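Descriptive analysis of the structure
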There are 2 protein chains.
Amino acid sequence: MGKSIYFFANGRADGKADMKELLGGKGANLAEMTNLGIPVPPGFTITTEVCDQYSKNKNKFPADLSKEIDKNIARLQNVMDAELGGSDNPLLVSVRSGAASSMPGMMDTVLNLGLNPDSVEGLIKKTGNERFAWDAYRRFITMFSDVVKGIDRQLFEVEIEKQKKKAKIENDTDLSVKQLKELVDKYFDIYKKSTGKKFPTSPRKQLDEAIEAVFKSWNNPRAIKYRELYDIKGLLGTAVTVQTMVFGNMGDNSATGVCFTRNPSTGENKFYGEFLLNAQGEDVVAGIRTPDPIEDLKKVMPDAYERLIGIKDNLEKHYKDVQDMEFTIQDGKLYMLQTRNGKRTAQAAVKIAVDLEKEKLIDKKTAIQRVEPGQLDQLLHPTFDPKAKRQVIATGLPASPGAATGKVVFSAEEAEELGSKNQKVILVRVETSPEDIGGMYAAQGILTARGGMTSHAAVVARGMGKCCVAGCGSIQVNYSKKEFSVSGKVVKDGDFISLDGSTGEVMLGELATIEVKLSGDFSKLMKWADSYRRLKIRTNADTPQDAKRAREFGAEGIGLCRTEHMFFDEDRIGNVRQMILVAGDVKSLEAEIKDKNVELEKLPKDKADALKTELKKVEKKFKDCEQLYTGALKKLLPAQRSDFEKIFKEMDGLPVNIRLLDPPLHEFLPKEKELQTELAKKMKIDVEDIRKKVESLAELNPMLGHRGCRLGITYPEIYQMQAQAIMEAACNVKKKGIKVIPEIMIPLITTEEEMRVLRELVEVVAEDVIKKKGVKVDYKIGTMIETPRAALAANQVAKEAEFFSFGTNDLTQMTFGYSRDDVGSFVPEFTKRGILEKDPFEVLDQNGVGQLVKMGIKKGKLTRPTLKVGICGEHGGEPSSVKFCHDIGLDYVSCSPFRVPIARLAAALSALDQ
Amino acid sequence: MGKSIYFFANGRADGKADMKELLGGKGANLAEMTNLGIPVPPGFTITTEVCDQYSKNKNKFPADLSKEIDKNIARLQNVMDAELGGSDNPLLVSVRSGAASSMPGMMDTVLNLGLNPDSVEGLIKKTGNERFAWDAYRRFITMFSDVVKGIDRQLFEVEIEKQKKKAKIENDTDLSVKQLKELVDKYFDIYKKSTGKKFPTSPRKQLDEAIEAVFKSWNNPRAIKYRELYDIKGLLGTAVTVQTMVFGNMGDNSATGVCFTRNPSTGENKFYGEFLLNAQGEDVVAGIRTPDPIEDLKKVMPDAYERLIGIKDNLEKHYKDVQDMEFTIQDGKLYMLQTRNGKRTAQAAVKIAVDLEKEKLIDKKTAIQRVEPGQLDQLLHPTFDPKAKRQVIATGLPASPGAATGKVVFSAEEAEELGSKNQKVILVRVETSPEDIGGMYAAQGILTARGGMTSHAAVVARGMGKCCVAGCGSIQVNYSKKEFSVSGKVVKDGDFISLDGSTGEVMLGELATIEVKLSGDFSKLMKWADSYRRLKIRTNADTPQDAKRAREFGAEGIGLCRTEHMFFDEDRIGNVRQMILVAGDVKSLEAEIKDKNVELEKLPKDKADALKTELKKVEKKFKDCEQLYTGALKKLLPAQRSDFEKIFKEMDGLPVNIRLLDPPLHEFLPKEKELQTELAKKMKIDVEDIRKKVESLAELNPMLGHRGCRLGITYPEIYQMQAQAIMEAACNVKKKGIKVIPEIMIPLITTEEEMRVLRELVEVVAEDVIKKKGVKVDYKIGTMIETPRAALAANQVAKEAEFFSFGTNDLTQMTFGYSRDDVGSFVPEFTKRGILEKDPFEVLDQNGVGQLVKMGIKKGKLTRPTLKVGICGEHGGEPSSVKFCHDIGLDYVSCSPFRVPIARLAAALSALDQ
């Protein structure tokens, strides 16, 4: 361990701004300001290393710390010409925590330390203000008792209230000296009763105990929780700054305040802040009195104000960023107690960054580094009015950001119905399925009881840019009663609730929301970002609307266009279902015919007649089924083609990656009996046939079932139809002068052979369309790498695939063995307990899944050096994952439209970070 | 291409036995026999390379083949002093196929080639037997028409029947020369009508066409199917052997027959075979006449018999293996037409191998290489009487070998009930669940409509050594009607069916079965195998009975003891369910108490009373729940402990690897309403509570859900109880002098942190038990590597694990994204079409899953060089997978008891193969 204490006073400090790790943010900046010649009350900072030693040493001071403290106190007394506990010119100090990362309000502070029966007299002598001195004493006892000894603050508050009642006064400030003295005695009693000991009179002892309390507060549950929440890791502990007290409450020539060099909420370049006359800092924070705007200081203390303006300009220029400062004016003299880079809203961050560049304080690179990509969500989605009161009844996963408020409905149909009447609704489901898409679109927000960050509800909602709280396990949904209950409360159909998609909170009632508009600064910053990034940013979009929006957000192509959502349109789902109901029969009848023909060959001629008759029957049945099957596919073809044409038009000049049908067929059939009956009526078939089909298609683990390319192999006609629709659409729009770059993606490949069979199938169709249409369209055929096996065998798969798109959602599911729909029961607990650092569906697991991605790229490029590689899982819009994608050399990331700006910025920062 | 034709005659041949790839098995062995001086009719063999050229050359002969054929025919004519088509001493030849692998009956043969109106007269002259010559001509026309021209053989049979009817005779042999001549004319007409051409009279043209027909037959559908079925790969094609005809049908001094040097069915060292007097080879095969046993030949032709005995002894000594031979005696002279290593039953294979070693013909290494490990299944399970007639109604997956016959029942309860009355039953289910274990045990065999080779039914049945046909998708089970239907047939409750677990066949009626006893030879061979193998063989066993049986089969420890099956005992399941029903409540109430306490801290004292009352209520509820929870666990503890004690006793001196609870909790709760109601009554709680709990625990993809170590982390008490039971049992039996080597296995690990938390949890309990019991037991804590992530992060996981057991069932599921319960709908089609070479649940996928296993070993040992590594997936009993496990350096494989001998042999062969 190095030097344990850093002193600062009168323009000279041992530390400086870049020693935050050691001195904490506060200590380092106090030193820096001191060195800048800014008036800072002298003091010293005990390092974070000491805190670390203290914790490791079972909460004991390192050997020579006391000696060091003694030395520094002596130095401080010397500088201040005052004495700790002195009855003439007593030195009072504050003892404050300060870690390298700001953790506001999380750790403890003691003010006015050094008061005892002697020094209170000294303070009176020095200030000539008896009331002030006793009030300071009272405050110190309260704070010390609370912070150092953990005595309930309430006990002291009760006494003060009693005293005021007795004296028939309203404000604390109206208490007389006598009353304050009585109060101090009462406080001593409380302390004695609680601790069994007398309140310490030795200032040196007070100091040791206060320092220990600050050290301990590093590991209090609040602080631990805060670090967890804000992902603060790798710090040694908190520093402790012991600093000469200055008082803003020494009369009307004193004041205290906090201020920002610019408006942290809007970013406007205007001095911003507030102050209280005759008050201590804690009064501003506590909000007992309403502070005045900082401009008013000019009127009451023009000199101090002038000096403050000078200092703030100086600090902003010095730090080249917005500063958040605390100051105190004691008897007309200004002291700076803290400065740090100011926290700001996303809107402010963007404006400030662009303005600072304009003012030549920073360059473009620095400007974009001043905005956190994750923050941009705020700009792209409505938020709640921060003043609105929240009555939180449950908290789920923050699955898709935004703020939504509306009437509760429990079915997609209801949502669509009320939506069409312009009513705002929140769709509440146990979980959603592709059938609910219409209702999700009509709703303001979606709340589900089950499913994780990449469940159907979450993925679709993010795609729509719609607020969603998913996997809210504490709510019990009862569809038949049309209500949900949560910890005793019952919310009925039609009741208003509000969802915060950024926190996962579910609230009772209608909360006011604020819509944010994108500024010119935003586009400017995004363009700067674009000039630095190497990664291309694509979007996951299934509709022309989504494609258009994503392009507006800067998407450079579609990285994933899912075709199955298109199947759920009301005028299509009928045909889809017809296709599914007969598809299996076509196959089994075909097999039966083959078998019977083989049998027939073996039979002597005279014994074959019966079998021949039977065979004819089967052949007839087969023909009927086949007609229904191909008939349904034929009807789907033009619908899909027109979808693709529209999307190609929106994406003129940019690549469009279309994934062939992926979900298992049973997803398209209704599971509920009533819906089955309805469908049977519509299709004029027996409901029992539907029930049987649903049963026979049911799977225990559909995620690992008959889906993706497995469908394409067993039902080649479906993929043929889709390939035809894509290529016909491409040819049609190309004829109209649109530049079309189709990429046809085969999902869920595990082996080279699967890829070969399906590549050939698609190629045959594509070449045929090109020939017939007489239009030459360049297209690529590739695959999604989403099973671990595909990544492991990427060298083989790449023989048949021109591109890989890593489907990291499914890849995460299979690599971890986590069903994204089922992990709600344990993943939150795992992340909370640190067993998982992060939910791997939110943040790409670089250590496991990431290895497979790296392996897939390396092996794939070994076989095919021109292989195009991208990612289309939800991770494509998460900043740390984008950085990983940049680092391992992917060509692009693809994410939902509303995450495109985040990905653009994250990609730029990754490039700069290299 | 090298030499295209290999000649053989009179003691000298161009080829030899090791040229099978080039000359086919038949051609190579004819050459070898010729060189050995054994009487073989002269001839020549066209190589497989020529066949390959022919196919590649669009079915055209290579340029100079005709010239080569001419040369060899000339040589043959010279040797035989006969002329093809000659009217004096005509040369007749056979044209036969023969590939490197035997494919009996799959390809085509033409006999008596060379006959035409001239040579038939020559044949009469030469033999003096007019009837014989015309009969030979008739046979040749039929064969040529059928084989070379594809004319329906039936057409010729009809004519012969007509002729016999007309002549009022019964046997073909009674046809007169005149009638035969008429028949030949009729045959010419049929040929003309079918082909539009005259039957070829040029023997050279006949020969070319016959050779082409044999080449083509290599790619006929039957042959392709056969190669698929027997996994014959990498061959160029078939060779063609053209050989001088000898006739076994030239009178009562002629005969033809097939024989084995030893009994291929029992292995007994006794000449075995049969013959027909005055017959051609095809008559023996066709089974029109019943042949006589080979011993009888001694009586009718003692000289020829004597020579045959000499030759067979010579051949067996030469080839050092049982020979399967064909011979013909023409006019008292013996000719050998074929010899090859004889196919044999498993029983015979074992006896022959041991006997040959005893006779010093082969050494021990060779002996064990003479038995295919996969064959041993036959020895360990009953089989059907091969003579029993099979009425196959459906075919499923051959999930667990054996033969079973019994009455159909549709529930485990019924199976148990009838089983207790000593009735034989077959349990038919859509799929089985752990609740069905009792019924499965009571049944002779199990038939399921769903599920793959590693579904619950398959795994459990194999463990029990019980016959099982799984995933028989064509059957429709109707529980309420108590029947199943399959292609129109309905099988009801109580009807008899039979299952062949080795073929997957489901048959109507009661088939006779044969039980096989293990011979002393078997143990001898196994011991020889053990002396060569490096891999240890363990078993997957959950009960003392299984453990005992496996040890008898040679298991050297338990590689996987699943603890969940123990939970299903009637006297335990109640406690298990009680535990599950309250476990969640305990957790949520605990959380509620914490939350309320935090809230309480924030509240002013006067406002806290209401909350305090509420808190007390919650605390009371919590206590009740906790009591129920720990109460249930306490009752389970002694039951589990006693299980483990019994297993440890059976495994005295051998390691026992016990896996902690793995399946999701909902597997233990009844899904059906009736069973829920029953349970509610028993537990005296509201059925609605059970329904809700079942609903809340339900998962969309339980395979990827809240199971394995995830349970251990969220419900630590369960794993604590299990660890305690294991360690107490270990201490108890050690006190009794039993050598106990427990290994505690944590399932489904994905991260180091999970492993750390659970290793610590188990360790604390284990040390505590050891301390309390005062018995020092060495134990290991390790994990199952069954998620891809665990393999990828094996270097980290190994920090906390002392052993890895690769759970290749689940690892395959996750690597492929295949749910073993759902792949029935496409994997069979994939393997059939060659998209998958093998079902990866049967044969370890070395290319994908195998890579993860290799990576896991390498990374694991990097961190912990002493890491013990094994495999406990079903692949541990599959020979090619065992070889892979040997090659990559695993310490052991573990498989179900009945596969232990297979694994022992396979492991030995792997070691010898290196």
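Higher on the page you've got the structure.
Scope of this entry: the structure provided in the associated data block.

Rules used throughout
Residues numbered from 1 in each chain as written. Chains lettered and ligands numbered in written order. Predicted model: local features only at pLDDT ≥ 70, side-chain atom pairs only at ≥ 80, totals over all residues. Heavy atoms only, no water. Core = buried A, V, L, I, M, F, W, Y, C linked by side-chain atoms within 4.5 Å. Buried < 20%, exposed > 50% of the residue type's maximum accessible area, 1.4 Å probe, protein only. Contact = heavy atoms within 4.5 Å. Axes fitted to C-alpha atoms, helices over the stretch in contact; angles between N-to-C directions. Helix = DSSP H or I, 4+ residues; strand = E, 2+ residues; numbered from the N terminus. Parallel < 35°, antiparallel > 145°, perpendicular 65-115°, else oblique. Left-handed = near helix turned anticlockwise from the far one by under 90°. Salt bridge = Lys/Arg side-chain N within 4 Å of Asp/Glu carboxyl O. Patch = residues over 30% accessible without salt bridge, like charges linked within 9 Å, V, L, I, M, F, W, Y side chains within 5 Å. Areas by Shrake-Rupley, 256 points an atom, 1.4 Å probe, with all protein chains shown as cover. Lys, Arg positive; Asp, Glu negative; His and termini not counted. Charge placed at Lys NZ, Arg CZ, Asp CG, Glu CD. Buried area = accessible area lost by both parts, 1.4 Å probe. Polar contact = N/O pair within 3.5 Å; in protein donor to acceptor, adjacent residues only side chain to side chain. Nonpolar A, V, L, I, M, F, W, Y, C, P; charged D, E, K, R; others polar. Disulfide = S-S within 2.5 Å.

The next thing to look at is the nonpolar core. Looking at soluble globular proteins, one finds that nonpolar side chains tend to be buried together. Ranked by size, the top nonpolar core spans 306 residues in total, and within it Phe648, Ile746 and Phe804 of chain A together with Phe648, Ile746 and Phe804 of chain B carry the most contacts. Those residues within four positions of isoleucine 746 of chain B in sequence are excluded, and the remaining contacts are Leu660, Cys709, Tyr719, Met755, Leu758, Val762, Ile781, Gly782, Thr783 and Met784 of chain B. If you look at the next biggest cluster of nonpolar residues, it comprises 67 residues, including Leu76, Phe132, Trp134 and Ile141 of chain A.

Residue and element names in this part refer to chain B. Taken N-terminus to C-terminus, the directions of helix 30 (residues 808–816) and helix 32 (residues 849–863) make an angle of 120 degrees; their axes are 9 Å apart at the nearest point. The angle between helix 30 and helix 32 falls in the class oblique. Like other packed secondary-structure pairs, helix 30 and helix 32 cross with a definite hand, here right-handed. In this structure, helix 30 contributes Thr808, Leu811, Thr812, Thr815 and Phe816 to the contact, and helix 32 contributes Val849, Leu852 and Val853.

Tallied over the full model, the rule gives 131 salt bridges over all chains. With its nearest N and O atoms 3.3 Å apart, the salt bridge here joins lysine 364 of chain A to glutamate 357 of chain A. The exposure class assigned to lysine 364 of chain A is partly exposed, which follows from its relative accessible area of 35%. Of the charged contacts in the structure, one is a salt bridge between arginine 429 of chain B and aspartate 436 of chain B, with a shortest N-O distance of 3.7 Å. Looking at arginine 429 of chain B, the relative accessible area reads 15%, which means it is buried. One connected set of salt bridges, linked through shared partners, spans Asp530, Arg533, Lys536, Glu556 and Arg904 of chain A.

We now examine a negative patch on the surface. Residues and elements named next belong to chain A. On the surface, a cluster of negative charge is made up of Glu413, Glu416, Asp569, Glu570, Asp571 and Glu678. Listing elements by their share of the negative patch, those giving two or more residues are helix 16 (412–420) and helix 21 (570–602). Positionally, glutamate 413 belongs in helix 16. Residue glutamate 413 is classed as exposed on the basis of its relative accessible area of 55%.

Each partner contributes residues to the interface: chain B has 54 residues there, and chain A has 53 residues. Taken together, both faces of the contact between chain B and chain A bury some 4,800 Å²; the carbon and sulfur share is 55%. Sorting the residues of chain B by area buried against chain A places Leu700, Leu704 and Arg789 of chain B first, and these three jointly supply 13% of that buried surface. Where chain B meets chain A, there are 4 salt bridges. Salt-bridge contacts for arginine 789 of chain A lead to aspartate 845 of chain B; the nearest nitrogen and oxygen are separated by 2.7 Å. The tally of links between chain B and chain A comes to 32 residue pairs in polar contact (both at pLDDT 80 or more). Elements supplying a minimum of two residues to the side of chain B that touches chain A: helix 24 (687–697), helix 25 (709–714), helix 27 (752–773), helix 28 (788–792), helix 30, helix 31 (827–832) and helix 32 of chain B. Counted by class, the side of chain B that touches chain A contains 19 nonpolar, 18 polar and 17 charged residues.

Residue and element names in this part refer to chain B. A full pass over the atoms with the stated rule returns 0 disulfides over all chains. In this structure cysteine 872 is a free cysteine whose sulfur lies 11 Å from that of cysteine 885, the closest cysteine sulfur available. You can call cysteine 872 buried: its relative accessible area is 4%.

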